[in-house]
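What the coordinates show
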Amino acid sequence: MPRQIDYYFSISSPWAYIGHKLFRDAVATYGLEVNHKPVVLVDLFSETGGLPLIKRHPVRQRYRMLELQRWRDKRGLNFHFQPKHYPLNARLADGLVVAALEAGHDPDPFLRRAFAGVWEQELNLADPETLARLADDSGLPGKTLVERSQSEEIGQKYEQNRQDALAADVFGSPAYVLDGEVFWGQDRIELLVDALKSGRAPYRSQI
């Protein structure tokens with residue numbers, strides 16, 4: 001049985017985009033089975049003491065821009081720091097991932113295109129036609145999944161992911177949960193790899 005890892009993220013998260021390739025490299029290297037769990041970040045932030053970007057102090061907003069530049073170079077990427085359609089309402093795009101999983105599809109080819117669509121190509125992933133085209137290009141039935149994404153059932157599963165995130169002590173995107181141990185942020189992927197490589201027991205909070 002492959003080891004499982006819970007992957008909490010949103011397509012609207014630049015940090016999930018920045019870390020996605022490296023995370024998938026780790027998945028392939030260590031034969032992990034990924035449980036994809038898209039989450040609505042605004043609600044997750046509000047319940048765990050975080051703030052959406054627009055409400056953060058200017059000092060924090062400026063530092064975020066520095067970090068985006070550093071990690072763009074570190075990960076060898078080329079993307080827009082403030083893409084045309086950002087902030088993005090990711091409900092439809094995240095919901096499409098949930099719908100793809102429900103139908104038994106591997107969402108990773110779509111995720112790679114979706115992340116690049118937001119941050120590199122400045123596409124509007126809140127637009128159903130754009131989203132359907134990206135899904136089609138990923139080998140998925142785009143129109144069907146976009147329609148399913150808007151359903152109440154998918155909304156309930158999306159909400160369940162948020163509840164699962166809170167239960168797992170997840171408070172942002174991306175978060176990788178291995179054997180109950182949370183690795184928050186794409187800058188913790190190297191620590192995740194260390195844990196996988198060593199085979200150590202998971203760390204637990206003492207609080």
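A brief look at the structure comes next. (Residues numbered from 1 in each chain as written. Predicted model: local features only at pLDDT ≥ 70, side-chain atom pairs only at ≥ 80, totals over all residues. Heavy atoms only, no water.)

To continue, consider the packing of aromatic side chains. Counting across every chain of the model gives 10 aromatic pairs. Pairing Phe79 with Phe81 gives two aromatic rings, centres 5.7 Å apart and planes at 85°, and the pair type is edge-to-face. By relative accessible area, Phe79 is classed as buried at 5%. Between Tyr86 and Trp119 the ring centres are 4.8 Å apart and the planes differ by 50°, which places this aromatic pair in the tilted class. Separated by 33 residues along the polypeptide, Tyr86 in the loop between α3 (58-74) and α4 (91-102) and Trp119 in helix α5 (residues 108-119) bring together distant segments of the chain. Residue classification places Tyr86 among the partly exposed residues on the basis of a relative accessible area of 24%. Taking the relative accessible area as the measure of exposure, Trp119 reaches 0% and is therefore buried. These aromatic residues form a ring-pair network of at least three members: Tyr17, Phe79, Phe81, Tyr86, Phe115 and Trp119. (Phe/Tyr/Trp six-rings, centres within 6.5 Å; stacked < 30°, edge-to-face > 60°. Buried < 20%, exposed > 50% of the residue type's maximum accessible area, 1.4 Å probe, protein only. Helix = DSSP H or I, 4+ residues; strand = E, 2+ residues; numbered from the N terminus.)

With that settled, consider the sheet that holds strand β4 (residues 181-184). The strand order across the open sheet built from four strands is β2-β1-β3-β4, with neighbouring strands paired in mixed fashion. Whereas interior strands pair on both sides, the edge strands pair on one side only; in this sheet they are β2 (33-38) and β4. This sheet shows a mean twist of 20° between the axes of neighbouring strands, independent of strand direction. Pairing geometry for strand β3 (residues 175-178) and β4, over four bridges, is antiparallel. Following the sheet pairing, Leu178 is matched in β4 by Glu181. Contacts from helix α8 (residues 152-167) reach β1 (4-9) and β2 within the one sheet, and its direction differs from that of β2 by about 110°. (Pairing = 2+ DSSP bridges. Axes fitted to C-alpha atoms, helices over the stretch in contact; angles between N-to-C directions. Contact = heavy atoms within 4.5 Å.)

Residues spaced three or four apart along an α-helix face the same direction, because each turn holds 3.6 residues. For helix α6 (residues 128-137), the complete set of buried residues consists of Thr130, Leu131, Ala132, Leu134 and Ala135. Where α6 is buried, its residues contact α4, α5 and α7 (142-149). Following α6 by one or two positions, Gly139 adopts a phi angle in the positive range, close to 85°.

Only one face of β4 is buried: it carries Glu181 and Phe183, and the other face, with Val182 and Trp184, is open. Linkage of β3 to β4, two consecutive antiparallel strands, is achieved through a turn of two residues, within which Asp179 is found at a positive phi near 50°.

This brings us to the side chain of Ser149. Position of Ser149 among the secondary structure elements: in helix α7. For Ser149, a relative accessible area of 0% translates into the label buried. At a separation of 2.8 Å, a polar atom in the side chain of Ser149 contacts the main-chain carbonyl oxygen of Leu92. (Polar contact = N/O pair within 3.5 Å; in protein donor to acceptor, adjacent residues only side chain to side chain.)

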